[in-house]
Amino acid sequence: HGDTRKQRRGGSGIRLKGGVAPHFRGDILRLLQLGTIVIMEERTRSCLLQNRSALEQDIKTSYIMDHLISEEVLSLEDEQKVKNQATQKERAALLLNIILEKDNYAVISFYNALLNEGYKELAALLQDGLPIISTSTKKNSIDGSTAYVQTILCEGGVPQRPVVFVDRPEIVQSIRNALYKLGNDPGWITIYGMAGCGKSVLAAEALRNHRVITECFPGGVHWVAVGKQDRSGVLVKLQNLCSRLNQGSHTYPSSPLNTEEARDRLRFLMARKYPRSLLVLDDVWDSWVLKCFDVQCRVLITSRDKSITEVVTGNSFPVSVQSGLSKDKGLEILSLFVYSKVTSLPEEAHSIVQECKGSPLVVSLIGALLREFPKRWAYYLKQLRSKQFKRIRKSSSYDYEALDEAMAASIEMLKEDYKEYYKDLSVLEKDVKVSTKVLCILWELDTEEVEDILQVFVNKSLLFCDRNGKSFQYYLHDLQLDFLTEQNRNRLPDLHAKMVCQYQKKYKRRFPSPSDEDCMYWYSFLANHMAKANMDKELYSLLFSMDWIKAKTELMGPAQLINDFVEYRHILDEENSTVREDFQEFLSLKGHLLVQKPFPDIVQLGLCQPDSSEVYRQANLQAEERAKNGAVYLEWMNKKTLQNLSRLVVRPHSDAVFHACFSYNGLKIASCGADKTLQVFKSETGEKLLEVVAHDDEVLCCAFSPDDKFIATCSSDAKVKVWNALTGQLFQEYNEHSEQVNYCRFSHSQILLATCSNDTFLKTWDLKKSGCRNTLFGHRGYVNHCSFSPDDQYLASCSNDGTVKLWKTSSANEWKCFDVKEQVWKSDDDDQEEVLLKCCMWSSDGTQIMTAAKNIIFVFNVMTGDLITELTTSSYSSIQSCDVSLTSPLLAVAMSHNSVELWNLELRKRVADCSGHLSWVHCVQFSLDGSMLLSSSDDQTVRLWDTNKVHSSSAVSLVRDMDAIFQEDEVIVLVSDNKKCLQLINGKTGDVMCQSEVQNSRIRCCCLNQHINLAAFGCGDGILKVGMKSARFVLQNIGWKRQQFQHSLLIAVGLENGTVKVLELPSGKILKTLIGHTECVQRCRFTPDGKMLISSSDDSTIRVWNWCTEECKVLEGHTEQVKNFKLLREPQILSWSFDGTVKVWNYISGELLKNYDCHKGSAVLSCDASPSGSKIASASADKSAKIWCLNSTMPPLVLTGHNACVRSCKFTWDNEYLATGDDNGEIRIWRVQDGSLLHICSEESENKDSKHGGWVTDLHFSPNSKKLVSTGGYIKWWDMTTGESLQTFYTNGTNLKSIHVSSDFKTYVTIDNIGILYILKMIN
C-alpha cells in the first residue's frame, strides 16, 4: 500500500470501473485482505450518484481542487483536465467522475473540501453516505481498522473500544513499532505502567491496524485476561485458551489436567494450527505465570512490573506507559461522558482534570459517575482534593471497586521490609525527583543497595526513574503520592523527623556543598521536613542562620528563601517575629546581590543592615572574629540616616525590563523586556511562577486581564499575544498591526484589550474573537501609550504628534483632543522641535487627564480641556512613564536618570525620590490598594516600593560633589544636595550639623580647609565667594539651619555658573564672592596655610585667589577644560586637561615650570605625584599611562596593556609602585623603577563589560602600601601582595566618582550616583 500515493498520481494501479473482470477477481480479493486497495463503499458511491445533479449545478471547482491536491487525492494532471472543460457544469461533472474512480479517502476529502469552502448544504447531502474509517488513520495509509481486522480481533477475544475513547497516538505507535519487531521471531512485548494508566486499552488499540495484523500476525490474535491468580486460576485460563484454539477440531477431545500438559498443548496449537499469531496476556502480576505460557510464540503482556519477563527466554521489548493524558484529552473524555461540548463544561471540569493528574482511569471513573449524577461536579472535585479515593467508586469495567484498592494491590505484592521502605517515600513532594544519595542517607545504605530497592519499585510501576547523566533521579506519580500520604497520615510527622535526623547525622554542623549530588534536595526541602515534623527549634536555627542563607541563596537565589520565611511565618513568629522580619527584609533588598558572581560576602552585606537587626548582630560577630585574622570588613557609620522605601528587588530578566505590572489581586507581578520573555513571579517573595519566550523581538509591554486569567503582551515584532496566566499557553495571537506595538492595556470591567502602535493606530480586541474589534485612527505619529478611563467609557492615547486624544470605547470615535505640543512650545524658549508624549493617565475620579513631555507633566480638565497645572520634574532627566494611585493623591514618575519621583497632586510638590535603580527606569505602576509601587529598569531589575513610608525628607538626595576631612576620631563631610543646598555632616553619626538655603546655581564642587577654619564653594557664573570667622548665630539672615555644631570653619563652593563662594560655618555668612571664571567651576581647594584658594574651570584656566584681598593670578596655558589639579610641595601645583597636557606651576608667581605634552591630544583623565615628589604619572583616554621624572629630561615610561581608557592612577606611599584603573574595571599594578607589570587586580564577573561594576574612578593605598582601595560601580579592597580582592562593599547606587580616605586607611567617605552618603570605618 506504500505505493498507492504514486498510483493516485497516475501510476499503473488497478482501477475498478463498471464491474470487475473475472480473471482479476481472485487477485483483488487477495489485495483486499492485504489492505492494498480500499474500494469505495457501494453506499458511498450510490450517495454520490444520487446527489450528482445538485453537486454539478452549484460547486465551483477551483477551490475544491486546491483542497484535494493538498491532500494528494487529485493530481496536477487531473486538475488540468478539469480546467480544460468549457463550462462550470462540465468541470464539476468531470471532477465527480474522477472522484468516483477513486477510493473512500477521496470521498472524505471531497466532503471536507465542501465544508471548508462554504458548501455546507451540499456536504449535508453526502453525510449519511460517508464511509466508516478510523479517525486515527491517515488518508493515504492502509493503517486502520478494517472489517477484516475487526473480525480477527473479535474472534481472538480482544476487548472492544471503551464507550468513551480518546486516541493517544504516540504511545499506540510505540506499541506498534514493538509489534513489528515480533513479525518474524518469537519474543515478548511488555507494556508496563502504574495502575489505571490505560495499558489494556492501548494494547487493544495498537492491534486495530490492518498492516499489523496482516503482515505480523496473519494467524490471528488470542487475548487472555489474566489478573491476580493462584496456580489453579492460571490452569483454568490455560484450559479455556486451549479449548478456544482447538475449537472445531478433534485433536484434543478433553481439557488438560495440569499446567505442564496445558503448556505442551498450547505449544502444539500455536505452532501447528496458529503459526505467526499473537498471544496477549493482559494484567500479569507474577513472573511465574509467564512460565506457564512460555511456548516459544509471540507474546504481548500488560503489567505493572517492568521486570516481569526476566524469568523467560527470548527477545524482550518493553514499552513504557508513563505519560498521562493532556488537559485537552481529559476534558474531551469528560465531555463525551456527559454528552457536552468541551467549551460548555463547567469551571470545575478543568480543576477535576488537573486533580486527576492525567490518569485515564480516574478521569473515566469521574466521568462515568457524572453521567449518572450530572450535578455533582463540585462534590467529586472536593473528594479528589481531599484524597477520598474510597468514594470514587467503580462505574466501569475495572477490576477494583475503588482507586485506593487498585493502588493498595500493587503495594501488597512487596516484601515486608520493602513495604517499609516504600512508606518512607510518603514524605516526598509532588513533581520532585530525588537522587539516590538522598535515600542512601535516609536508609543508611550503600548506593548499590538503594538502587536495587528502588529498581524493584520501578519494575512494579510504583516508582519512576529518570537518568541524569551518570546518576538516577526517582519520583512518584502524583496519585501514588496522594495515596501514600493518605495511608500514612498519622505517621507523617515521624517520617519527616526521620528524614531530618538522618540529614543531621550525615552533615552534622556543616551544609551540603554544590558538588554533593543531594545538595539541591536538602536546600529545597530540609525546612519543609522540619516544619512537617514539628521540629520548631531546628527550623528557627536553620532559617535564622547566616551560613544557611548564604549557601542556599548562592545555589538557588533569594526567592525560595523569602518564600520559606513567608510559608513558615506562623512557626517562626512564635519564636521571634522581629527576627523573621529582619531576615526577610535583608533577603528582599539584598538577595539579588547574593547570586551575582563573584559571590559577595554575606557578612559584609549583613553589616549594612540596621544595628537593631538580628542579621547585623550575627554579621558583626562574624566580622569581628574574622578581622582578628586580617579579614577586611567595613562598618557603615551613617546608615541609620538612610530612609529606604524599597520593599523587594527582583532580577527576573537577563536584559532591560521594559514593563512590569501587578495582577488585579496584587499577588503576582508580570514583567517583560529585551530578552523577549514574559516572566510572572510572586509579589511578596519574587518566586518565579512562569517564564514564557513570548515574542521574536523585544517585548515592550504586558498587562493582566481584570480576572487575572490572561496576560497580554506586545512587541517590536508587531504582534499582540494573549497568554493563559497560569499555564503560559498561548490563547490568542493578533497580527493586524503593521509596526511595533508599544503598549497594551485591558479595560477594568470587561475583557476588552486596547493596543497602540508605531503604525499610528490604536486597536481594540475582544478575546473571544480572533480579529480586531475596532481600529482607531487619527494620530499622525507613533502612538506610545493608551489608558482606559476608570468607568471604561473612554480610551486615552498619546502620540509623537504631540496630542492626547480621548476616544469613546463603545463607538471607537474620537471624543476630544488636547494639543500638548502648543503648551510645550509656550514654556520652552528653544526651537519648536518634535514633542514626544510618552504616557497618559487618568485621575482616580476620571475628571483629569495627565500626560508627560520631556520633564513636564501636564494636567488637563477632561470636560473643559483647560490646562490645570504643570509639574516640572528634574531638569536633568526625561519622563519615561507615569501612574496615578487610586487611593491617594500620589503620582509616580519614572525618570531616565535612574530614579522614581513621587508627587502629591493636591500639594503639587515632589514628596519622595525612590532611588535604587542603576539605569533608566522604564515603567511605574501602583498596586490597586496603593500600598505598593513597582518600577522596572534597564538594570534588569523590578523593584517594589512601600508608599506608606513616604516622608518629607524622602525627596532630598545628595550629589557627588563633596569634601571630607579627618582629624583624630572626627570626620566632617561637606556635601551638596539635589536642592542646591550645602550640608555639613557629622561623620560619626551621619547627622546634619548645618544646612544652607538654596543657592542660585547648581553646586559643582566644594572644599573644607584642613584646619577646619576655612571653606569655599564655586558657581558657574564665574564668581567665587569666600568668608572668614564671624558671628556663629546669624542664621536667620543667611539661611543656615544650626542643628549641632561646636566649631567655626570656612568652606569654599564652586557653582555651575562660574561663581566661587567662601562662607563661614555655622553662621553661613558669605565672606567673599570671587568672580572671574566664565564657565563652570569644576574644582576648588585651599592651600595648606588657608590663605589662598585655587579653582579650576571649564574655561581652561586655573585661578589662584588671595580670598581676603580678592587678588587673583590666572594660570593660562591649557587649551581645553582643566580636568583637575593637585597641590605639590609649596608653592607648586600639578594640573591636567582634556587637551592632553600636564603642567606644573608656581601658583604664587604664576610661572609655568613644566609642560608635558603627555598623550598627544588625548584627554588626560588623571594624574598623581609620587610622595617623594620626584615623579608624576598620567593616565589617558588613549588607554595608556606614563611615568615622568620631574627633575630629569629622560623620556617617560609608557605603561600599555589596558584595553580601555585609563581613568585613574596612584603611587604607593613608598614610591615603589603605581596603580592604574581603566573603564573595563581592570586595575594594574606597575613597578615604578622599570615600568614592569606586577599584578592585574580583577575578578571574573557576570558583567562582561566591566569587572568593577563600572569605570575605576579613584585609587588609594594604605600607608604601608600593602592594601589598595578602589572605586567604580562599588568599592573594593585589594591585597597588594597577591593582587586578590579582600572585600567588596556594594553601594545601593553605582558610578562612584571618588573616595576620601583617612591617613590611617581606616575611614572612607564616598557618595553614589543616587545620592547616598557612605561613611565607612574598617572593623579592627
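Just so it is clear, the structure is predicted and the values come from calculations on it, not from any experiment.

Caption draft 1: Geometry of the nonpolar core. Ranked by internal contacts, the top residues of the largest apolar core, which has 91 residues, are L425 and F457. Setting aside chain neighbours within four positions, we find F457 in contact with L414, Y418, Y421, Y422, L425, L462 and L463. Formed by 57 residues, the second largest nonpolar core is a distinct cluster that contains F317, V321, V338 and W377.

Caption draft 2: Molecular detail of the environment of Q995. Structurally, the position occupied by Q995 is in strand β41 (residues 992–995). Judged by relative accessible area, Q995 falls into the partly exposed class, the value being 21%. Counting along the chain gives 20 residues from Q995 to V975, while the straight-line C-alpha distance between them is 9.8 Å.

Caption draft 3: Up close: the packing of aromatic side chains. Enumeration over the complete set of coordinates arrives at 27 aromatic pairs. Pairing F464 with Y475 gives two aromatic rings, centres 5.6 Å apart and planes at 25°, and the pair type is stacked. Residue F464 is found in strand β7 (residues 464–468), and its partner Y475 is found in strand β8 (residues 471–475); the two are separated by eleven residues along the sequence. Relative to W815, the ring of Y794 has its centre 4.1 Å away and its plane inclined at 15°; by these criteria the two rings are stacked. Taken as a pair, Y794 in strand β24 (residues 794–799) and W815 in strand β26 (residues 814–819) lie far apart in primary sequence, 21 residues in all. Among the residues examined, Y794 registers a relative accessible area of 22% and is labelled partly exposed. Ring pairing ties together the aromatic residues Y418, Y421, Y422, W443 and F457, which thus form one cluster. One cation-aromatic arrangement involves K228 over W285; the distance from NZ or CZ to the ring centre is 5.2 Å.

Caption draft 4: Highlighting a negative patch on the surface. Side chains of D446, E448, E449 and D452 sit close together on the surface and give a patch of like negative charge. Its place among the elements puts D452 in helix α24 (residues 447–459). Judged by its relative accessible area of 52%, D452 is exposed.

About the criteria used
Residues numbered from 1 in each chain as written. Predicted model: local features only at pLDDT ≥ 70, side-chain atom pairs only at ≥ 80, totals over all residues. Heavy atoms only, no water. Core = buried A, V, L, I, M, F, W, Y, C linked by side-chain atoms within 4.5 Å. Buried < 20%, exposed > 50% of the residue type's maximum accessible area, 1.4 Å probe, protein only. Contact = heavy atoms within 4.5 Å. Helix = DSSP H or I, 4+ residues; strand = E, 2+ residues; numbered from the N terminus. Phe/Tyr/Trp six-rings, centres within 6.5 Å; stacked < 30°, edge-to-face > 60°. Lys NZ or Arg CZ within 6 Å of the ring centre and 35° of its normal. Patch = residues over 30% accessible without salt bridge, like charges linked within 9 Å, V, L, I, M, F, W, Y side chains within 5 Å. Areas by Shrake-Rupley, 256 points an atom, 1.4 Å probe, with all protein chains shown as cover. Salt bridge = Lys/Arg side-chain N within 4 Å of Asp/Glu carboxyl O. Lys, Arg positive; Asp, Glu negative; His and termini not counted. Charge placed at Lys NZ, Arg CZ, Asp CG, Glu CD.

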